[in-house]
Amino acid sequence: MELNGEQLISAPIPEVWKGLNDIDVLAKSIPGCEEISRISPEEIHAKVMFKIGPVRARFAGKLFLSDIIPDQSCSMAFEGSGGAAGFAKGKSRVELKQADGGTLVSYTTEASIGGKLGQIGGRLISASAKKIADDFFQKFAKELGGETAALESDAGSK
């Protein structure tokens, strides 16, 4: 599955970057987040409750940051397990650029999903992933005291 998009957040780049690296802001922004902790500057662990189609599961996951260029971009590798519901793993790239009205956040994500979740249709998974991403950015922008506008997104199954 691939998920790509752009969001305009009405806050300056340094504030957006700081928010993306603040686990308190992330805890309030990630839909279904129950617990989040920074293990090191490059590693974050989280527990998140997701409902995707008929499957509802608590995922324990790890996020590893790399290729970090402060106030510009980073790459992430992630893996999570939801027990009998299945697993997800993949990689993502986030880039920040100055734009009229704030910061343009561009993201590309490639993920593979297995278990019960892997048996759900690709369209349902893609639609759920896009909704989760949109919800995240709306909550994230609100945490920064601004708003967000989806400029372009593409959720596809591969």
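Our structure is the block above this text.
Residues numbered from 1 in each chain as written. Predicted model: local features only at pLDDT ≥ 70, side-chain atom pairs only at ≥ 80, totals over all residues. Heavy atoms only, no water.

Chemist: Teacher, can you tell me more about helix α1 (residues 13-20) here?
Modeler: In an α-helix there are 3.6 residues to a turn, and that puts residues three or four apart on one side. Those residues of α1 lying buried are Ile13, Val16, Trp17 and Gly19. With its buried residues spanning 160 degrees around the axis, α1 presents them on a single face. (Buried < 20%, exposed > 50% of the residue type's maximum accessible area, 1.4 Å probe, protein only. Helix = DSSP H or I, 4+ residues; strand = E, 2+ residues; numbered from the N terminus. Arc of directions from axis to C-beta.)

Chemist: Please clarify how the pairing of strand β2 (residues 33-40) should be interpreted in this entry.
Modeler: On a regular strand, each side chain points to the face opposite its neighbour's, so the side chains alternate between the two faces of the sheet. The pairing of β2 with strand β3 (residues 43-52) spans six bridges and is antiparallel. When the sheet's bridge partners are listed, Ser40 is paired in β3 with Glu43. Between β2 and β3, which pair antiparallel one after the other, the connecting turn spans two residues. (Pairing = 2+ DSSP bridges.)

Chemist: Could you clarify how one ought to interpret the nonpolar core in this entry?
Modeler: One recurring pattern in soluble globular proteins: nonpolar side chains tend to sit buried together. Ranked by size, the top nonpolar core spans 37 residues in total, and within it Ile9, Val16, Leu96, Val105, Leu117 and Phe140 carry the most contacts. Examining the composition of this core, we find that seven residues originate from one element, helix α4 (residues 122-143), more than from any other. Residues within four places of Val16 in sequence aside, it is in contact with Ile9, Ala11, Leu96, Thr103, Val105, Phe140 and Leu144. (Core = buried A, V, L, I, M, F, W, Y, C linked by side-chain atoms within 4.5 Å. Contact = heavy atoms within 4.5 Å.)

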